[in-house]
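Here is how the chains run, residue by residue.
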Amino acid sequence: MTRSWRGQLWLLVAVVALLAAAWWQVRSDRTAAPGTLLPLPPDNITRVTLDMGNAPAERYIKRGEHWWRIDQATPTRADDKRLAELLRIAAAPVQSWQPASSYDLAKIGLAPPQARLELDEETLRFGTMTAIGHNVYVQIGERVGIVSLRYMPHSAQSASLQVQ
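A. Inspection of the overall build of the protein chain at higher detail. Summing up its helical and strand segments, the protein chain has three helices and nine strands in all. Element order for the protein chain, N to C, with α for helix and β for strand: α-β-β-β-β-α-β-β-β-β-β-α. The principal-axis extents of the C-alpha atoms in the protein chain amount to approximately 85 × 40 × 30 Å. By residue count, 30% of the 164 residues in the protein chain fall in the buried class. Contacts in the protein chain between residues far apart in sequence, at least 24 positions, make up 51% of those at least 6 positions apart. Of the accessible surface of the protein chain, which amounts to about 10800 Å², a share of 58% is contributed by carbon and sulfur atoms. Distance between charge centres in the protein chain, computed from 18 positive and 15 negative side chains, equals 9 Å.

In structure tokens form, the structure reads like this:
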């Protein structure tokens, strides 16, 4: 075996070792990740209820391929893009989970919550921003997660005010 062949063989071994290390790190990161707010896929959700402070609750139901607002006297077709935005919250990546007993829920805005979002049978309660970063507290059952502030729901009135 010539010197150049040995050099290429060592280079190949080094590349294979680096690829194996990268694959192992990605796999390790995925198994250690806290996951998403809800395990159910956003496309499978058919009912949405949003409570924001003192505003009346917004209730939506999916019929066929479209969303309908059903909290009024006559059901009206809802903005499908707005509902898709609310549904994406279910798949929000969680930065960390802690037991709810680890927090004073009143201090982090969860007693009472700033917003309550029901997606089918699951209830997400949103609190205040965290002290560091642009994140918000979210309670689901007996756990509190921290997610990016961009996943905080907004009422239809505030969404329509932003557009104008």
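B. Main features of the packing of aromatic side chains. One pass over the full model with this rule turns up one aromatic pair. Relative to Tyr 137, the ring of Tyr 103 lies with its centre 5.5 Å away and its plane at 70 degrees, an arrangement referred to as edge-to-face. A residue pair is termed long-range when its members are at least 10 positions apart, and Tyr 103 in the loop between β5 (96-99) and β6 (115-119) and Tyr 137 in strand β8 (residues 135-140) qualify at 34 residues. Residue class for Tyr 103 comes out partly exposed when judged on its relative accessible area of 23%.

C. Geometry of the pairing of β8. Most of β8 sits inside the fold, with six of its six residues counted as buried. By the alternation rule, side chains of β8 split into Asn 135, Tyr 137 and Gln 139 and Val 136, Val 138 and Ile 140, which are all buried. Sheet topology places strand β7 (residues 122-129) next to β8; three bridges connect them, and they run antiparallel. Bridged to Arg 125 within β8 is Gln 139. Hairpin geometry of β7 and β8 is characterised by an intervening segment of five residues between the two adjacent antiparallel strands and by a positive phi of about 85 degrees at Gly 133. The pairing of β8 with strand β9 (residues 143-148) spans six bridges and is antiparallel. Residue pairing for β9: Val 136 is matched across the bridge by Val 147. Between β8 and β9, which pair antiparallel one after the other, the connecting turn spans two residues, and Gly 141 there sits at a positive phi close to 65 degrees.

D. Here's a closer look at the side chain of Thr 49. Inspection of the secondary structure puts Thr 49 in strand β1 (residues 47-52). Setting aside anything within four residues of it in sequence, one finds Thr 49 in contact with Ala 57, Glu 58, Arg 59, Arg 116, Leu 117 and Glu 118.

E. Representation of a nonpolar patch on the surface. Side chains of Leu 9, Trp 10, Leu 12, Val 13 and Val 16 sit close together on the surface and give an oily, nonpolar patch of about 530 Å² of accessible area. As for its position among the elements, Trp 10 is in helix α1 (residues 3-32).

F. Looking closely at the sheet that holds strand β4 (residues 76-77). Taking strand neighbours across the sheet as the criterion, the nine strands line up as β4-β3-β2-β1-β6-β7-β8-β9-β5 in an open arrangement whose pairing is antiparallel. Both edges of this open sheet fall to β4 and β5, since each of them pairs with a single strand only. Here four bridges tie β5 to β9, and the two strands are oriented antiparallel to one another. In the strand pairing of β9, Trp 97 is matched with Gly 145. Against the sheet, helix α2 (residues 80-88) touches β1, β2 (58-63), β3 (66-69), β4 and β6, its axis set at about 80 degrees to β1.

What counts and what doesn't
- Residues take numbers from 1 onward in each chain, read along the sequence in its written order.
- Predicted model: local features are reported for residues with pLDDT of at least 70 only, side-chain atom pairs are reported and counted for 80 or more only, and whole-chain, interface and lining totals are derived from all residues.
- With hydrogens and water excluded, all non-hydrogen atoms of the structure serve as input to the side-chain values.
- The helix and strand labels rest on DSSP assignments: H or I over at least four residues marks a helix, E over at least two residues marks a strand, and numbering proceeds from the N terminus.
- Each residue's exposure class comes from its accessible area (1.4 Å probe, protein chains only) as a fraction of the maximum for that residue type: buried when under 20%, exposed when over 50%, partly exposed otherwise.
- Note on definitions: a residue-residue contact is assigned when non-hydrogen atoms from the two residues lie within 4.5 Å.
- Only the protein chains shown count as cover for residues, and all accessible areas are computed by the Shrake-Rupley method using a 1.4 Å probe.
- Charged residues are defined here as Lys and Arg on the positive side and Asp and Glu on the negative side; His and the ends of the chain fall outside this count.
- A charge is said to be at NZ when it belongs to Lys, at CZ for Arg, at CG for Asp and at CD for Glu.
- Pairing of aromatic rings covers Phe, Tyr and Trp, the last through its six-membered ring, and needs centres within 6.5 Å; plane angles under 30 degrees mean stacked, over 60 mean edge-to-face, and all others mean tilted.
- Paired strands are those between which DSSP finds at least two bridges.
- Think of a patch as exposed residues, more than 30% relative accessible area, with no salt bridge, where like charges cluster within 9 Å and nonpolar side chains (Val, Leu, Ile, Met, Phe, Trp, Tyr) cluster within 5 Å.
- Salt bridges are counted wherever a side-chain nitrogen of Lys or Arg sits within 4 Å of a carboxyl oxygen of Asp or Glu.
- The axes used here are C-alpha line fits, helices contributing only the stretch in contact, and every angle between their N-to-C directions lies in the interval 0 to 180 degrees.

Purely geometric numbers; function is a separate question.
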